[in-house]
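Geometric and topological summary
Listed here are the chains, written in short residue letters.
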Amino acid sequence: MKRAENKPLLSICIPTYNRAPFLDEAIESVISQITDDIKDLVELCISDNASEDNTEDIINKWKAISPIPIVYHRNERNMGFDYNALKVVEIANGEYCWYLGSDDKIVDGAIKLVLNHLLEFDDTDILIARSRIETDLEMKKILRRVDFFKEKLTYVDSSNRQDLLIFLKSVKNQAGIFGYLSVLVFRKSLWKIDDNTNDFLGTAFAYTYQLFKILLNGCRLYIIDEPIVFCRTGNDSFASEGIVKRSYIDYDGYIKIADKLLSEDKDMYNEVIRVMKKHHSYRH
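One structure accompanies this document, and this report is about it. Values in this document were obtained by computation on a predicted structure and should not be read as measured data.

A few words on unusual backbone geometry. Phi angles above zero are rare outside glycine, and Ala-50 is one such case at about 60 degrees. If you check the backbone angles, Met-139 has positive phi at about 55 degrees while not being a glycine. Owing to a relative accessible area of 17%, Met-139 belongs among the buried residues under this scheme.

Dropping the structure here:
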């Protein structure tokens, strides 16, 4: 597939709210990897949910020195996570979007790794990393590498129902079915907001619903073995009311997606529910 001219190949998309110190580190993890040979291929997009800290100052600091475009949007008021996660994709200009949590950091070398994959496999519709590296809150200590899949799949043609079912059966926890932002890269042209998307506002799963639609409409999904992101543990904004409440958010979100999109396919429906029953307390 021929690349579109005059647009970046990759938009790194950060939805954020009141995380200025962490956001500063997230942006630094992007900018520090930009070299002359890739600067025309990448942009950074940030949607700010009306932060009350110095988020805008942090962004302006980086805009003044960044070798790549930084597209910044600020909501007039806090519109909630789902709206913000959709908005940051809306403002992106790239052929592909890579979500990055505002408290995460991209692993050194991972931007070139992703770009090289997209250039070599230009039929990619969704790219997902097999794992993430978990750290302490200050990112001073690596705690563990968390794998999202049981099987070492590398490619899935989801238009083939059997391949799609094999993919779902390989998932160990909900991050493997689009439950964790920062390992997800997708072709923007396939990202279609529909009337049902509004039903997911307030669930924390609007972006997950969008990706499920791409998967179920038939796409080419690749899984790369290398972890591409560092994740802080103990910093889940959705767990502020406790882990039990957080678990219900996950479980209810996937039940709603399964009811909306998989009600006529019992096997696939059951696979999604299996993952949530086993790992419903997984946090992102």
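A few words on helix α3 (residues 81-90). With seven of its ten residues buried, α3 lies for the most part within the structure. Within α3, burial applies to Asp-82, Asn-84, Ala-85, Leu-86, Lys-87, Val-88 and Val-89. On its buried face, α3 is in contact with β1 (10-16), β2 (42-48), β3 (70-74), β4 (96-99), β10 (184-187) and α6 (206-216).

In this section: the packing of aromatic side chains. The tally for this structure, following the rule as stated, stands at 13 aromatic pairs. Taking 5.7 Å as the distance between ring centres and 80 degrees as the angle between the ring planes, the aromatic pair formed by Phe-178 and Phe-212 counts as edge-to-face. Taken as a pair, Phe-178 in the loop between α5 (161-170) and β10 and Phe-212 in helix α6 lie far apart in primary sequence, 34 residues in all. There is no split in this pair, since Phe-178 and Phe-212 are both buried. The rings of Phe-81, Tyr-99, Phe-186, Trp-191 and Tyr-207 are connected pair by pair, giving a single aromatic cluster.

Judged by nonpolar contacts, the single largest core of 96 residues is most densely connected at Ile-12, Trp-98, Tyr-99, Ile-111, Phe-167 and Leu-221. At seven residues, α6 tops the list of elements feeding residues into this core. If near-sequence neighbours (up to four positions away) are discounted, Trp-98 is found in contact with Leu-10, Ser-11, Ile-12, Cys-13, Ile-106, Ala-110, Ile-111, Val-114, Ser-182, Leu-184, Val-185 and Ile-228.

Working definition: the strands of a sheet are paired by backbone hydrogen bonds and lie parallel or antiparallel to each other. A sheet is described by the order of its strands in space; here eight strands give the open sequence β3-β2-β1-β4-β10-β6-β11-β9, paired in mixed fashion. Each having just a single partner strand, β3 and β9 (155-157) make up the two edges of the open sheet. Taken pair by pair, the neighbouring strands of this sheet meet at an average axis angle of 20 degrees, ignoring direction. Taken together, the three bridges between β4 and β10 define a ladder with antiparallel strand orientation. In the strand pairing of β10, Trp-98 is matched with Val-185. In the packing of helix α1 (residues 20-31) onto the sheet, contacts are made with β1 and β2, and the angle to β1 comes to roughly 175 degrees.

Rules behind the numbers
- Residues numbered from 1 in each chain as written.
- Predicted model: local features only at pLDDT ≥ 70, side-chain atom pairs only at ≥ 80, totals over all residues.
- Heavy atoms only, no water.
- Buried < 20%, exposed > 50% of the residue type's maximum accessible area, 1.4 Å probe, protein only.
- Helix = DSSP H or I, 4+ residues; strand = E, 2+ residues; numbered from the N terminus.
- Contact = heavy atoms within 4.5 Å.
- Phe/Tyr/Trp six-rings, centres within 6.5 Å; stacked < 30°, edge-to-face > 60°.
- Core = buried A, V, L, I, M, F, W, Y, C linked by side-chain atoms within 4.5 Å.
- Pairing = 2+ DSSP bridges.
- Axes fitted to C-alpha atoms, helices over the stretch in contact; angles between N-to-C directions.

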